[in-house]
Amino acid sequence: MTYFYTILSILLKSLSIILPLLISVAYLTLLERKVMGSMHQRRGPNVVGFFGTLQPFADGLKLLVKETILPSSANSVIFILAPIISFLLSLISWVVVPFGKNLVLADINVGILYVLAVSSLGVYGIITAGWSSNSKYAFLGSLRSAAQMISYEVSMGLIVICVILCCGSLNLSAIVLSQKKVWYLIPLFPLFVMFFISGLAETNRAPFDLPEAEAELVSGFSTEYAAMGFALFFLGEYANMIMMSSMCTILFLGGWLPLGLYPINQIPGVVCFGFKVTCILFLFIWVRAAYPRYRYDQLMTLGWKIFLPFSFAWVLFIAGIIVQFDLVV
Amino acid sequence: MILEFFLFNLFSFFMLACSLLVILAQNPIHSVLFLVLVFFNSCALLLLLKVEFLAMLFLIVYVGAIAVLFLFVIMMLNITEEAVYNSFSYLPIGFFLSTIFFFEVILVILKELDGFLLFSFISGVANNCYFNPIVCFCEKLIFASNIETLASVIYVYYFYYFLISGLILLVAMVGAITLTLYHKIDVKKQDIYKQHQKMFKTSIDWKTIH
């Protein structure tokens, strides 16, 4: 009987993360369309529901009732598994995210490594999707995407190491709590900018959205997918975006820690966390509206020849400072 | 404890099954994907042994980087179905080699851990201490996280080996770079710095043609 209750509580806890996550993904798409609309000086979706608030659900319903198409020459098992893997991986990294003080599903002490590991697994969903659909567009798109994700993971790992050096723990809650005096945004500002840009590349967002460059590759690795397969990729991609923003928030913006002085710092931590994540998400969308797409060799040059040496230098620099001033935590 | 024991056996079983499928699968891509599953199961085993840091590193390094590169290469090679040969002809040699390897591993275990691990496993007293005496020993002495324990071993007692392995990796990296490094002279490339430095005045000038 105790097993039953344990399993039930685990299920309920996971649901209480997954459900809000999916709703926020839905409204993120709406936010993107609205913000992009305003930046292009048009209205964006405003027909379905009040100010277009039901638009994402209409889109979801449309994708749900569409016909699922299996290409005849596709490797069908992997073809079906790929979007599922992609979606699953975008969900499981949320286990370790601290939304507030003690408000985390699994407070493991290698939390940040877990997040890195899961985000490095995200390549599999994409690469298997591209290969199994047996189409040149999808294959090229997936190869591009995988190469891009691997390249930027390296510098991202090094940036994370800098933050870990500063706080002396791999636990995400400990990282947030170590920013009580000052957010890492201020001492490590260049690293924040680099982390944000790497996050853009890691989630395949504009200006690094080469994997789905419409002009060249139709829509990249998801070319052959229709209906729910496509919807799962889409959900996974946007959940990854939110995940990346919350990693930015936890590592550099002090997670759930309050902002400002007396009247404002009474706001509960969860709301603060959400606000900061939304700010970063707005930046994601702003970048998409503002910048043209990179060329592929430029993307690789930026990743390997600029970010990698620079983040290496920062690791050495911060380690040097910590040793010199005896700041070992 | 019973649950952990059960899970340990389950993951070991899946690991063996997947590693068999790696060599039995017809399609090389399937083989690599099964290899990834093997890595996953070994990661789960490491988690059960409470060495979560190593488990995460295993995921990041082997699954996230090395297996992806495998997949990359095999996908690019575009192997057709006829190229798949019968792998059973190598079975005797493989069996021979694996037997040698197995006995070597057993010898090492018996020598290093004094038969501790093997016999306790048989007698059924299989808790984490018996699986991994080092972890247990450290837990008794001092409460240190996984990483601190590892660091105190690597950077204090074995730092020579650590430096040497770093040098070996450096040499390998230099080798790999020199293998791929060649300059083609006749290829036109855009130098981004030069491109940014271009001015209207220096790019275009008037020439009078007589």
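Residues numbered from 1 in each chain as written. Chains lettered and ligands numbered in written order. Predicted model: local features only at pLDDT ≥ 70, side-chain atom pairs only at ≥ 80, totals over all residues.

1. Looking at the overall build of chain B
Right, on to step 1. Check the secondary structure of chain B and you find 11 helices and 0 strands.
Right, on to step 2. Counting from the amino terminus, chain B carries its helices and strands in the arrangement α-α-α-α-α-α-α-α-α-α-α.
Right, on to step 3. Burial status across chain B gives 12% buried among its 210 residues.
Right, on to step 4. Long-range pairs, those at least 24 residues apart, make up 49% of the contacts in chain B with a sequence separation of at least 6. (Helix = DSSP H or I, 4+ residues; strand = E, 2+ residues; numbered from the N terminus. Buried ≥ 20, exposed ≤ 12 C-beta atoms within 10 Å, placed from the backbone. Contact = placed C-beta atoms within 7 Å.)

2. Remarks on the nonpolar core
Soluble globular proteins: nonpolar side chains tend toward being buried together.
Right, on to step 1. Ranked by size, the top nonpolar core spans 107 residues in total, and within it Val163 and Leu251 of chain A carry the most contacts.
Right, on to step 2. Filtering out sequence-adjacent residues up to four positions away, Leu251 of chain A remains in contact with Val160, Val163, Ile175, Tyr184 and Phe195 of chain A. (Core = buried A, V, L, I, M, F, W, Y, C linked by C-beta atoms within 7 Å.)

3. A short note on the interface of chain B and chain A
Right, on to step 1. With 15 residues of chain B in contact, the opposing surface of chain A contributes 15 residues.
Right, on to step 2. A total of 12 residues in the side of chain B that touches chain A trace back to one element, the largest contributor, which is helix α3 (residues 52-77) of chain B.
Right, on to step 3. A per-class count over the side of chain B that touches chain A returns 12 nonpolar, 2 polar and 1 charged. (Nonpolar A, V, L, I, M, F, W, Y, C, P; charged D, E, K, R; others polar.)

4. Remarks on the environment of Ile161 of chain A
Right, on to step 1. Here Ile161 of chain A is to be found in helix α5 (residues 136-167).
Right, on to step 2. With 158 residues separating them along the chain, Ile161 of chain A and Ala319 of chain A place their C-alpha atoms 9.9 Å apart.

5. Brief notes about the packing of helix α1 (residues 2-39) of chain A against helix α2 (residues 55-65) of chain A
All names here are of chain A.
Right, on to step 1. Where α1 contacts α2, the two axes come as close as 8 Å, and the packing angle between them is 110 degrees. Between α1 and α2, the angle falls in the class roughly perpendicular. In the packing of α1 onto α2, the handedness of the crossing is right-handed. The segment α1 lies against α2, with Ala26, Tyr27, Thr29 and Leu30 engaging Gln55, Pro56, Phe57 and Gly60.
Right, on to step 2. Taken together, the residues of the contact of α1 with α2 break down into 5 nonpolar, 3 polar and no charged. (Axes fitted to C-alpha atoms, helices over the stretch in contact; angles between N-to-C directions. Parallel < 35°, antiparallel > 145°, perpendicular 65-115°, else oblique. Left-handed = near helix turned anticlockwise from the far one by under 90°.)

6. Here we look at the environment of Leu105 of chain A
All names here are of chain A.
Right, on to step 1. The residue Leu105 is located in the loop between α3 (76-92) and α4 (111-132) in this model.
Right, on to step 2. For the pair Leu105 and Ala146, spaced 41 residues apart in sequence, the C-alpha separation works out to 30 Å.
Right, on to step 3. Look past the residues within four positions of Leu105 in its chain and what remains in contact with it is Lys13, Ile17 and Val95.

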